[in-house]
Amino acid sequence: MDEMDISKIIIEDFTKNFLDSLNLDVAVIGAGPSGMMCAYRLVQSGFKVAVFERHLRAGGGMPGGGMMFNTIVIQKDVLNIFEELGISVRKYNEQLYAAGSIETVSALCYKAVRLGAKIFNLMSVEDIVVRENKICGVVINWSSVVWSKLHVDPLAVKSEFIVDATGHDAEICRIVERKIGQKLITPTGSVAGEKSMWAEEGEKQIVDNTKEVYPGLFVCGMAANAIFGSPRMGAIFGGMFLSGEKAAYIIKKKLEKRGKNV
Ligand code: 48H
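Bear in mind the structure is a predicted one, so any value in this text is a computation, not a measurement.

Phe82, Val163 and Phe241 are the most contacted members of the largest nonpolar core, which has 46 residues in total. Ranked by the residues each element gives to this core, the list is headed by helix α2 (residues 33-44), at seven residues. Counting residues in each nonpolar core, the second largest holds 31 residues, with Phe18, Ala50, Tyr214 and Leu217 among its members.

Rendered as structure tokens:
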């Protein structure tokens, strides 16, 4: 066994994956529950999808459960998804169930990756590519470069659609607001900012808020509530799964219309 072989395998394997992801059907930004669910449904339909995740691990806010108690709460409306993913749940009452946050993240990521989703962790999306008033790609850099504020120019990846699944900060929508002006398809054209906690309303509104908010840009998960000024909901996650699923469904219809039938 030669150490050089280990290096060569890693560099070649990663590079092949990376090169293969320069022209995507969908780039998802953020590997939290909504982004991963969106990616999972899209690869199930055969589309080419990569997820760019700033942090070392996938899962976003889910592994931390509620205040680091690593249990999440889900509603009965998503039991079918949990069953499909093989995640065990424990009934609490007619409406609410408990699940392990680590088991849930692991199952979702495993299923998505096995079907072909690529996850690029430790990469941050720092900008978007725009052509004739349509977003058609993302600008990426190593998170370590961004964090250490090094002046290193980024690379770009092309994509038919991009999905802002960046959670509370709605980072991609904020980039649009900052660089394109108040052109988001929201009541004010800009990011309203999330409201204080109201679990039931937050969960109800998140699915409605999941949509295309600028040509080529979809928003799902907590970012959707953030841009439409809807409440947060605490450590209940059913809405994240339904929101990711809805974004995938609309994108799939749009890709199919463009003849991207797979
Ligand atoms: C690359 C980025 C960038 C960037 C951010 O926060 P998340 O888990 O997002 P959701 O919407 O899938 O789930 C929300 C849920 O976890 C949550 O926070 C809830 C239910 N809160 C309720 C409450 O009341 O607090 O994941 C977003 C991911 C994270 O992993 C970020 O690191 C990543 O996106 N990310 N990745 N480039 N520019 N910005």
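After presenting the structure, the write-up continues.
Taken together, 27 residues sit near the ligand, with Ser34, Glu53, Gly61, Met222 and Arg232 positioned nearest. A distance of 2.8 Å is found between an oxygen atom of the ligand and a side-chain nitrogen or oxygen belonging to Ser34. Val125 places a main-chain nitrogen or oxygen 2.9 Å from a nitrogen atom of the ligand. Look at the ligand: alone it shows 800 Å² of surface, and the protein chains cover 92% of it. Those elements that place two or more of their residues in the shell around the ligand are α2, β2 (49-53) and β7 (123-131). If you tally residues by element for the shell around the ligand, the top one is β7, at three residues.

Another aspect to go through is the sheet that holds strand β5 (residues 96-100). One open sheet holds the three strands; their spatial order is β3-β5-β4, and the pairing between them is antiparallel. Looking at the sheet topology across the chains shown, the edges are occupied by β3 (71-75) and β4 (89-91). In this sheet, adjacent strand axes meet at a mean angle of 35 degrees when their direction is disregarded. Its contacts with the sheet put helix α4 (residues 101-114) on β3 and β5, and the angle it makes with β5 is roughly 75 degrees.

So, on to the packing of aromatic side chains. On inspection of all chains with the given rule, the structure shows seven aromatic pairs. Relative to Phe120, the ring of Phe52 has its centre 5.6 Å away and its plane inclined at 20 degrees; by these criteria the two rings are stacked. One end of the pair, Phe52, is in strand β2; the other, Phe120, is in strand β6 (residues 118-121), with 68 residues separating them in the sequence. Owing to a relative accessible area of 3%, Phe120 belongs among the buried residues under this scheme.

For the rest of this paragraph, the subject is unusual backbone geometry. Within the chain, Met68 stands out as a residue other than glycine whose phi angle is a positive 70 degrees. Among the structural elements, Met68 can be located in the loop between β2 and β3. On the basis of relative accessibility, which here comes to 78%, the residue Met68 falls in the exposed class. A positive phi is found at Leu122, a non-glycine position, where the angle reads about 65 degrees. The topology assignment puts Leu122 in the loop between β6 and β7. On the basis of relative accessibility, which here comes to 30%, the residue Leu122 falls in the partly exposed class.

Cut-off values and rules
Residues numbered from 1 in each chain as written. Predicted model: local features only at pLDDT ≥ 70, side-chain atom pairs only at ≥ 80, totals over all residues. Heavy atoms only, no water. Core = buried A, V, L, I, M, F, W, Y, C linked by side-chain atoms within 4.5 Å. Buried < 20%, exposed > 50% of the residue type's maximum accessible area, 1.4 Å probe, protein only. Helix = DSSP H or I, 4+ residues; strand = E, 2+ residues; numbered from the N terminus. Near = heavy atom within 4 Å. Polar contact = N/O pair within 3.5 Å; in protein donor to acceptor, adjacent residues only side chain to side chain. Areas by Shrake-Rupley, 256 points an atom, 1.4 Å probe, with all protein chains shown as cover. Pairing = 2+ DSSP bridges. Axes fitted to C-alpha atoms, helices over the stretch in contact; angles between N-to-C directions. Contact = heavy atoms within 4.5 Å. Phe/Tyr/Trp six-rings, centres within 6.5 Å; stacked < 30°, edge-to-face > 60°.

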